[in-house]
Amino acid sequence: MSTDLKNRAASVMPGGVNSPVRAFNSVGGDPIFARRGNGAYLETEDGRTLLDFCMSFGPLILGHAHPAVVEAVQRAAEAGTSYAVTTATEIQLAETICGAFPGMERVRLVSSGTEACMTAIRLARGATGRDKILKFSGCYHGHADSLLVKAGSGVAGIASASSAGVPESCAGQTLVARYNQVEDVEAMIREHGDDLAAVILEPFAGNMGLVAPRDGFLQSTAELARSCGALVIFDEVITGFRLVFGGYQRLCGIRPDLTTLGKIIGGGMPIGAIGGRADLMEHLAPNGEVYQAGTLSGNPISVAAGLASLQRLKDHDPYPDLDRQTGLLIQNIQSSAASLGIPVQTPRAGSMFSIFFSESPVHDFDEASATNTDRFPGFFRSLLAQNVYLPPSAFETSFLSTAHGDREISRASDAFDAALRKLGS
Ligand code: PMP
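Residues numbered from 1 in each chain as written. Predicted model: local features only at pLDDT ≥ 70, side-chain atom pairs only at ≥ 80, totals over all residues. Heavy atoms only, no water.

Further remarks concern the overall build of the chain. Regarding its fold elements, the chain presents 14 helices and 16 strands. The globule rule puts the C-alpha radius of gyration for 425 residues at 22 Å, and the 21 Å found for the chain is close to it. A total of 425 residues make up the chain; the buried ones form 56% of that total. Considering only intrachain contacts with a sequence separation of at least 6, the fraction spanning at least 24 residues in the chain is 71%. (Helix = DSSP H or I, 4+ residues; strand = E, 2+ residues; numbered from the N terminus. Rg over C-alpha atoms; globule rule 2.2 N^0.38 Å. Buried < 20%, exposed > 50% of the residue type's maximum accessible area, 1.4 Å probe, protein only. Contact = heavy atoms within 4.5 Å.)

The next point concerns the packing of helix H11 (residues 319-340) against helix H14 (residues 406-424). Two measures define how a pair of helices packs: the angle their axes make with one another and the distance between the axes. Following both chains from N to C, one finds H11 and H14 inclined at 20 degrees, their axes separated by 9 Å at the closest point. By the angle between their directions, the pair H11 and H14 is classed as roughly parallel. As H11 runs across H14, the sense of the crossing is right-handed. Contacts between H11 and H14 involve Gln325, Leu328, Leu329, Asn332, Ile333, Ser336, Ala337 and Leu340 from the first element and Asp406, Ile409, Ala412, Ser413, Phe416, Asp417, Leu420 and Arg421 from the second. Taken together, the residues that form the contact of H11 with H14 break down as nine nonpolar, four polar and three charged. (Axes fitted to C-alpha atoms, helices over the stretch in contact; angles between N-to-C directions. Parallel < 35°, antiparallel > 145°, perpendicular 65-115°, else oblique. Left-handed = near helix turned anticlockwise from the far one by under 90°. Nonpolar A, V, L, I, M, F, W, Y, C, P; charged D, E, K, R; others polar.)

The next subject is the pattern of salt bridges. Following the criterion strictly, the structure yields 13 salt bridges and no others. Here Arg324 and Asp321 are joined by a salt bridge, their closest N and O atoms 2.6 Å apart. Here Arg324 pairs with Asp321, and both are found in helix H11, just three residues apart, close to one helical turn. (Salt bridge = Lys/Arg side-chain N within 4 Å of Asp/Glu carboxyl O.)

Before going further, it helps to spend a moment on the site of the ligand. Every residue near the ligand is listed here: Ser112, Gly113, Thr114, Tyr140, His141, Gly142, Glu202, Asn207, Asp235, Val237, Ile238 and Lys263. In the environment of the ligand, a nitrogen atom lies 3.3 Å from a nitrogen or oxygen atom belonging to the backbone of Tyr140. Note that a nitrogen atom of the ligand is positioned 3.0 Å from one of the side-chain N or O atoms of Lys263. Isolated, the ligand exposes 390 Å² of accessible area, and the fraction of that covered by the protein chains is 81%. A per-class count over the shell around the ligand returns three nonpolar, six polar and three charged. (Near = heavy atom within 4 Å. Polar contact = N/O pair within 3.5 Å; in protein donor to acceptor, adjacent residues only side chain to side chain. Areas by Shrake-Rupley, 256 points an atom, 1.4 Å probe, with all protein chains shown as cover.)

If you trace the seven strands from one edge of the open sheet to the other, you get S4-S12-S11-S10-S9-S5-S8, paired in mixed fashion. Edge positions in the sheet fall to strand S4 (106-110) and strand S8 (174-178), since each has one partner strand and no second. Looking at each pair of strands side by side, their axes are set apart by 20 degrees on average, direction ignored. Note that strand S5 (residues 132-137) and strand S9 (residues 196-201) share three bridges and pair parallel. In the strand pairing of S9, Lys132 is matched with Leu196. Across the face of the sheet, helix H7 (residues 217-227) comes into contact with S5, S9 and strand S10 (231-235) while running at roughly 145 degrees to S10. (Pairing = 2+ DSSP bridges.)

Right, let's talk about helix H3 (residues 88-100) for a bit. Structurally, the α-helix is built with 3.6 residues per turn, so residues lying three or four positions apart point the same way. With 13 residues, H3 should reach 18 Å at 1.5 Å per residue; the first-to-last C-alpha distance of 19 Å fits that figure. Where H3 is concerned, the buried positions are Glu90, Leu93, Ala94, Thr96, Ile97, Cys98 and Ala100. At its buried positions, H3 is contacted by S4, helix H8 (248-252), strand S11 (258-262) and helix H10 (300-316). (Expected span 1.5 Å × (residues − 1).)

Okay, the environment of Gly262 next. Position of Gly262 among the secondary structure elements: in strand S11. Exposure remark for Gly262: the relative accessible area of 2% places this residue in the buried category. Each C-alpha atom of the pair Gly262 and Ile238 lies 7.2 Å from the other, and the pair is 24 residues apart in sequence. Once residues within four sequence positions are removed from consideration, Gly262 is found in contact with Val237, Ile271 and Gly272.

All right, on to the side chain of Thr96 then. If you trace the backbone, Thr96 turns up in helix H3. Of the polar contacts made by the side chain of Thr96, one reaches the backbone oxygen of Gln92; its length is 2.7 Å. For Thr96, the residues in contact, after removing those within four places along its chain, are Phe245, Leu307 and Leu310.

This brings us to the side chain of Arg242. Along the chain, Arg242 falls in the loop between S10 and H8. Lacking a salt bridge, the buried Arg242 has Asp52 as its closest oppositely charged neighbour, with an N-O distance of 10 Å. A polar contact is formed between the side chain of Arg242 and the backbone oxygen of Gly58, at a distance of 2.7 Å. Among the polar contacts made by the side chain of Arg242, one reaches the main-chain carbonyl oxygen of Leu400 at a distance of 2.8 Å. For Arg242, the contacting residues outside a window of four places in its chain are Gly58, Leu60, Ile61, Ile264, Tyr319, Ser351, Met352, Phe399 and Leu400. (Lys, Arg positive; Asp, Glu negative; His and termini not counted.)

So far we have only geometry, and geometry alone does not tell us how the molecule works.
This is the structure we're talking about:
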């Protein structure tokens, strides 16, 4: 069945997928084909039921097909799938998001995290009249041209394109610093501060595995950015509503100028958002001179699914339970690894975690890349053979949902133990 689907997919879609990581290139083996999802489980087209720790890369904090979300989607669809004029529910979602982020006075809904970050960058450039932006290697902000870059070899931080098709003239407007290295930020601001429109970062990095900000890193970075008149953009596409009702900015006590969101705010439907102070956000069209638009922006089905999810999160405050369950799983993984003498790092924040095969903690992309990533494909496949599904890359973060209960934690702990045992042997 899946071989047939794989062949059919490859003959009509590049690489057989609509997003590269789904091809399983970095873990090997055949990609899976989803048929349906239910709670913590993903059923494949060949009839397997996988315990899911990918959870669509983060949006599904309530699990697959949560009844409240499904009902909201059904109700919305019955009333029409798109109007391209503003709706009362859209306003309600915007009010809910602004209410959860102190200092966020305006929010614009878009259709993906990529679009949110692309718009935030354009807005920062338009509002400051400057062209350069600074990002951190290992932080991912979607696939807009100026963000698809890697650290260049030449002059002080100037990036080079990390994808074919990105003009070097565009990549050259981006500076790349190492995450958690304030001295990099200082050096780049010394050199380019007058041209810098914004510093963009994941305040808790989730795209090089999970990497926590060091004490003072976010604060110092924000102060340095502001000292030269650059804006601070927190990309909370992953962390938004994942750790608390609101963003990581609530936990770290830093108020960025702009915030980008996605994933959870759409309850699994396509969505993104940019929010911030009114004086900045009003630079966007139609009031301002920075153009941004979208036929499906604020789509009624995405908005209904997002609102249902956020309401549920607000009413039930699942965060302490999510934290406890994930803590338990990580404890079990650590004790299995310790008893087998396999060095692992298991960074965790609330219901997000990742696994590095390494003796020492990871603080940036260079350190993440220097871990024993060769071990991951075998580990991943061994878990999959036991019907436990991790995100198919050593650098992705795993997620739990409210549907991951005691039974799931116990099953997963056994599977991780067996997978580690296999690695060790
Ligand atoms: N920012 C971050 C932090 C992300 O993790 C992602 C996607 N994983 C994006 C932006 C891009 O979002 P999307 O895939 O919805 O375009």
